[in-house]
Amino acid sequence: TGAVGLYNIGLSCCLNSVLQVFLMNIYFTRILRRITVPPRAAQKRNVLYQMLLLLEKMQCGKQKAVSPMDLASCLSAYRVKLFATHDAAQLFLTLWNLMKMQMEKPELVKELTDLYTICIQEHLACQKCSLETKRKSSMLILPLSMLDSNSHMLKTLEDCLQHFFRPVELTDHNMCLCEQCGKRTPFLQSMKLVHLPHSLTIHLKRFCFEKSAYIHKLNNNLPFPQDLDFNVILTENQCQADNNEKAGWQYELFAVVAHSGSTSFGHYCAYIRSLTELKWYCFNDSHVCQVSWDDVKTTYGHSSLHLGETAYLLIYMKKH
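For the structure given in this document, a descriptive report is provided here. The shown structure was predicted, so the numbers you read here are calculated from the model rather than taken from an experiment.

## Some thoughts on the nonpolar core
When a protein is soluble and globular, its nonpolar side chains tend to lie buried together.
No. 1: Grouped together as the largest cluster of nonpolar side chains are 60 residues, with contacts concentrated most on F22, F28, V47, M51 and Y116.
No. 2: In terms of nonpolar packing, the next biggest core, distinct from the first, is built from 42 residues, L154, L200, L228 and Y251 among them.

## Observations concerning helix α4 (residues 69-76)
No. 1: Residues L71, A72, C74 and L75 constitute the buried set of α4. Viewed along the axis of α4, the buried residues span an arc of 155°, placing them on a single side of the element.
No. 2: Contacts from the buried residues of α4 go to α1 (13-23), α3 (47-60) and α5 (88-102).

## Some details on empty space enclosed by the protein
By rolling a water-sized probe across the atoms, one finds the places where empty space is left.
No. 1: Considering all chains together, one arrives at one cavity of 30 Å³ or more under this definition.
No. 2: There is about 100 Å³ of room inside the largest cavity.
No. 3: Residues belonging to the lining of the largest cavity are distributed by class as follows: ten nonpolar, three polar and one charged.

## Focus: the packing of aromatic side chains
No. 1: In the structure shown here, the tally under the stated rule is twelve aromatic pairs.
No. 2: Between F224 and Y300 the ring centres are 4.8 Å apart and the planes differ by 80°, which places this aromatic pair in the edge-to-face class. Placement of the pair is F224 in the loop between β12 (215-217) and β13 (227-229) and Y300 in the loop between α10 (293-297) and β18 (310-318), with a sequence separation of 76 residues. Both residues of the pair, F224 and Y300, count as buried.
No. 3: Following the ring pairs from residue to residue traces out a cluster consisting of F22, F28, F92 and Y116.
No. 4: In this arrangement the basic side chain of R45 is found over the ring face of Y78, its NZ or CZ atom lying 5.2 Å from the centre.

## Brief notes about the environment of S149
No. 1: Take S149: it is sitting in the loop between β5 (141-145) and α7 (157-164).
No. 2: Look at S149 and you get exposed, because its relative accessible area is 66%.
No. 3: C-alpha of S149 to C-alpha of H163: the two residues are 14 residues apart in sequence and 8.7 Å apart in space.

## Digging into the pattern of salt bridges
No. 1: For the coordinates displayed, the defined rule picks out eight salt bridges.
No. 2: E56 is the partner of R33 in a salt bridge, and the nearest nitrogen-oxygen pair spans 2.7 Å. With R33 in the loop between α2 (26-32) and α3 and E56 in helix α3, this pair connects stretches of sequence that are 23 residues apart.
No. 3: Taking the relative accessible area as the measure of exposure, R33 reaches 40% and is therefore partly exposed.
No. 4: One salt bridge in this structure joins R273 and E252, with 3.9 Å as the shortest N-O distance. Residue R273 is found in strand β15 (residues 266-273), and its partner E252 is found in strand β14 (residues 250-261); the two are separated by 21 residues along the sequence.

## Examining unusual backbone geometry
No. 1: One non-glycine residue, R79, lies in positive phi territory at about 65°.
No. 2: By secondary structure assignment, the location of R79 is in the loop between α4 and α5.
No. 3: Classification of R79 as exposed rests on a relative accessible area of 81%.

## As for the sheet that holds strand β4 (residues 132-139)
No. 1: Reading across from one edge, β4-β3-β9-β6 is the order of the four strands in this open sheet, with antiparallel pairing throughout. Lying at the two open borders of the sheet, with one neighbouring strand each, are β4 and β6 (168-170). Within the sheet, the average angular offset between the axes of one strand and its neighbour, ignoring direction, is 30°.

## Re the pairing of β4
No. 1: Here strand β3 (residues 118-126) runs beside β4; their pairing, made up of eight bridges, is antiparallel. In the sheet register, I120 faces β4, and the bridge partner there is S137.
No. 2: Hairpin connection of β3 to β4: five residues between the antiparallel strands.

## Side note on the layout of surface pockets
No. 1: Of the volumes computed, that of the largest pocket is approximately 560 Å³.
No. 2: If you trace the largest pocket, you find 19 residues lining it, with S145, L147, H163, F164 and V168 closest to the centre.
No. 3: At the level of secondary structure, the elements contributing two or more residues to the lining of the largest pocket comprise β5, α7, β9 (187-195) and β11 (207-209).
No. 4: A total of three residues in the lining of the largest pocket trace back to one element, the largest contributor, which is β9.
No. 5: Here the lining of the largest pocket is composed, by residue class, of ten nonpolar, six polar and three charged.
No. 6: For the second largest pocket, the calculated volume is near 340 Å³.

What counts and what doesn't
Residues numbered from 1 in each chain as written. Predicted model: local features only at pLDDT ≥ 70, side-chain atom pairs only at ≥ 80, totals over all residues. Heavy atoms only, no water. Core = buried A, V, L, I, M, F, W, Y, C linked by side-chain atoms within 4.5 Å. Buried < 20%, exposed > 50% of the residue type's maximum accessible area, 1.4 Å probe, protein only. Helix = DSSP H or I, 4+ residues; strand = E, 2+ residues; numbered from the N terminus. Arc of directions from axis to C-beta. Contact = heavy atoms within 4.5 Å. 1 Å grid on protein atoms, 1.4 Å probe; cavity = no way out; pocket = protein on both sides within 12 Å on 5 of 7 lines; lining within 4 Å. Points joined across faces, edges and corners; volume = space filled by probe spheres on them. Nonpolar A, V, L, I, M, F, W, Y, C, P; charged D, E, K, R; others polar. Phe/Tyr/Trp six-rings, centres within 6.5 Å; stacked < 30°, edge-to-face > 60°. Lys NZ or Arg CZ within 6 Å of the ring centre and 35° of its normal. Salt bridge = Lys/Arg side-chain N within 4 Å of Asp/Glu carboxyl O. Pairing = 2+ DSSP bridges. Axes fitted to C-alpha atoms, helices over the stretch in contact; angles between N-to-C directions.

Structure (structure tokens):
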């Protein structure tokens, strides 16, 4: 089935969960299998090659779980600490950037970039004159706040997406210097969606700062759908794309990286829908079991569950 676990080698639940999300993505593994094998002297420090070896070990053996120790040791050479807690969103970015840096074939770099990269256009408009500036930027993860501008909890994932692309007035101490006015003036800032990748990663920002600089976790309920259509969620003013691009903005949920615990301690596991079997599995380190959609929905969260399991990363796959 391809559903093989990874042993916890010491606080490695976060690494295991993120690795499972990469390695269960057949569009990613098709790229991984075409990498250039590095010289023997460089193999132990090559993240892509160690990921490929781990994938082969998972798929070719008959074990229910394998050890990621060789890959973890390789990552430690790039300041990804062994036997230490990590943040899943940050680890996802670190792994992706290391892979891109070590990928030698330009065509594979492009495929990896196309598979994961989101393109956004930022608009800044002066409210005193007609000056407007536009700037395109790319990101690998769409970071969504679970709170609105008044610090009230948003109710659904769709609400969070709409809030991210909602225009914001920059006033008072947030005013910008307008070159045309020659002084600091109020601006209207808006984000417009330009391009969505085949594999879309969403980060639910459950860890947030209070005024006292104390970090706390939001365990509040936030439902997310199996199917996501950005054409329905966003307005025309929130998009900067042609009809051909928008036609591909329909997604289905592929994976959920869930966190249980608090800011000081916790545990990660991954719920992943097999792209070959179309069945959901829970990857909890070395323990892997088939689950239902109702099991996945338990990661919506609830404010009364102080240390409960809540969705932290959502990975959606573009529909064919």
